[in-house]
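The chain contents come next:
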Amino acid sequence: MSGIDRILDKALRGERMTLEDTITLFESNEVEKMGDAANVIMNRMHPDPIKTFVIGRNVNYTNVCDVYCRFCAFYRRPGSEEGYVLPDEVIFQKIKETQDVGGTEILMQGGTNPNLPFSYYTDLLRAIKERFPDITMHSFSPAEIQKMKVISGLSLEEVIRQIHEAGLDSLPGGGAEILDDRTRRKISRLKGSWTDWMDVMKTAHKIGMNTTATMVIGLGESMEERALHLMRVRDAQDECIANKYDSEGFLAFIPWTFQPDNTNLKLERQTPEEYLKTVAISRIVLDNIKHIQSSWVTMGPEIGKKSLYYGCDDFGSTMIEENVVSAAGATYKVNIESILQLIRETGHTPAQRNTRYDILRVFDEASSVERDFIMQN
Ligand code: SF4
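Description of the structure in this document. Position labels on residues start from 1 in each chain and follow its written sequence. Reporting in this predicted model follows two pLDDT cut-offs: at least 70 for local features of residues, and 80 or more for side-chain atom pairs to be given and counted; totals over whole chains, interfaces and linings ignore these cut-offs and use all residues.

## Some remarks on the overall build of the protein
Here comes step 1: Only DSSP runs of H or I with at least four residues qualify as helices, and only runs of E with at least two residues qualify as strands; both kinds are numbered from the N terminus onward. Of regular secondary structure, the protein possesses 16 helices and eleven strands.
Here comes step 2: With C-alpha atoms as the basis for the radius of gyration, the globule rule is written as 2.2 Å multiplied by the number of residues raised to the power 0.38. For the protein, whose C-alpha radius of gyration is 20 Å, the value lies close to the compact-globule estimate of 21 Å for 377 residues.
Here comes step 3: Counting only C-alpha atoms and orienting by the principal axes, one finds that the protein spans roughly 60 × 55 × 45 Å.
Here comes step 4: Evaluated residue by residue, the protein yields a buried proportion of 49% over its 377 residues.
Here comes step 5: C-beta atoms are placed from the backbone for every residue, and two residues are taken to be in contact when these atoms lie within 7 Å. Counting only contacts in the protein whose residues sit at least 6 apart along the sequence, the fraction spanning at least 24 positions is 79%. The exposure scheme places C-beta atoms from the backbone and then counts, for each residue, the other C-beta atoms within 10 Å of its own, assigning buried at 20 or more, exposed at 12 or fewer, and partly exposed in between.

## Quick notes on the sheet that holds strand S5 (residues 170–171)
Here comes step 1: One requirement defines pairing of two strands: DSSP has to find at least two bridges between them. A sheet is described by the order of its strands in space; here four strands give the open sequence S5-S6-S7-S8, paired in parallel fashion. In the strand order of this sheet, the two ends are held by S5 and strand S8 (291–292), each with one partner.
Here comes step 2: With seven bridges joining them, strand S6 (residues 210–217) and strand S7 (residues 250–257) adopt parallel strand pairing. Within S7, the position partnered with Thr-214 by the bridge is Ile-254.
Here comes step 3: Relative to the sheet, helix H11 (residues 272–285) contacts S6, S7 and S8, its axis offset from that of S7 by approximately 160°. Orientation is described by lines fitted to C-alpha atoms, with helices fitted over the stretch in contact, and by angles between N-to-C directions that extend from 0 to 180 degrees.

## Some remarks on the packing of helix H1 (residues 3–12) against helix H2 (residues 19–27)
Here comes step 1: Running from N to C, H1 and H2 point in directions that differ by 125°, and their axes come no closer than 10 Å. On the basis of their axis angle, the class for H1 and H2 is oblique. In the crossing of H1 with H2, the sense of the turn from one axis to the other is left-handed. Each of Gly-3, Ile-4 and Ile-7 in H1 lies in contact with H2, whose residues at this interface are Asp-21, Thr-24 and Leu-25.
Here comes step 2: Residue classes in the contact of H1 with H2 are distributed as three nonpolar, two polar and one charged. Just so you know how the angles are binned, under 35 degrees is roughly parallel, over 145 roughly antiparallel, 65 to 115 roughly perpendicular, and the rest oblique. In a left-handed crossing the near helix is turned counterclockwise from the far helix by less than a right angle, and in a right-handed crossing that turn is clockwise. Side-chain classes follow a simple rule in which Ala, Val, Leu, Ile, Met, Phe, Trp, Tyr, Cys and Pro form the nonpolar group, Asp, Glu, Lys and Arg form the charged group, and the remainder, Gly included, forms the polar group.

Shown next as structure tokens:
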């Protein structure tokens with residue numbers, strides 16, 4: 001039995017992967033074998049033949065940022081003529097449009113704008129919840145939360161408590177890039193250490209919020225750093241479970257690849273195989289995280305479909321708007337109807353979920369519900 005076969009056999013027996021096992025998997029090119037094992041594990045965790053998606057919208061409320069990540073084509077420096085903060089009315093309109101197409105989730109994400117006081121966020125969230133009590137605010141990445149901490153002078157826990165009380169439901173895991181400081185220092189020196197990112201997530205779990213976690217490969221990281229990233233996310237999830245917090249911790253893990261176009265970093269684009277391998281390893285290693293999300297926005301619909309056989313149980317969000325990714329050249333746009341079709345083409349049944357992964361609607365083949373839904377929208 002080869003080293004990879006032994007490791008995959010161990011994973012299929014339900015044994016936990018060590019750091020060394022994970023590094024060996026990342027160093028291997030046996031992508032299909034890893035995909036097969038991940039698919040078996042995924043099917044054990046999610047035996048129903050459905051693949052979920054959420055109807056949501058990204059709202060990039062400001063592009064002003066003082067973190068200057070080298071890979072980011074979206075931000076504008078404070079004082080730039082091209083900098084913006086969306087008027088509240090525009091944000092409300094975007095949320096209304098999202099609800100009008102059956103959407104449930106708003107992912108507000110922006111730069112770390114030093115000109116916005118903490119009250120901007122709490123007031124805006126209250127105003128949103130007043131107008132749209134049913135919308136789930138899955139918004140603000142750890143870098144933005146850390147900025148709120150600096151601006152408000154409050155403790156991290158107090159910031160998260162106050163913003164949660166104002167209407168923030170859960171935290172998306174953006175800005176994790178690679179959770180190791182060697183790579184972080186090279187690509188986003190001012191964004192803080194990996195522990196800064198993790199502190200936000202752990203604090204959110206502690207006060208009862210759910211979060212997600214991401215990983216971006218192709219930033220010049222080593223295979224060991226990729227493996228460490230997974231270990232650190234898994235450890236934090238263990239901590240959440242061991243402490244019996246009133247939170248499910250990381251509800252999902254979302255790996256994706258760095259998009260080098262239009263950025264200052266001269267790095268090679270990751271291959272689809274490398275992406276699929278990372279998806280498979282994530283499913284195999286993260287035994288305490290329920291969902292692995294496909295990232296078709298960056299990889300395109302065809303690889304997105306394949307990922308559903310490499311460990312992903314979820315097709316992510318409809319992503320009505322995603323300026324951060326699209327500014328860097330990911331131009332795939334797939335609407336709700338296409339998502340239904342793409343999931344069907346993989347032999348699965350599509351189902352709309354909410355941010356907590358509760359199933360809202362199963363789209364059985366040719367169901368009248370679906371026809372009505374498509375006609376209306
Ligand atoms: S990735 Fe986010 S934090 Fe980094 S420069 Fe862009 S907007 Fe700012």
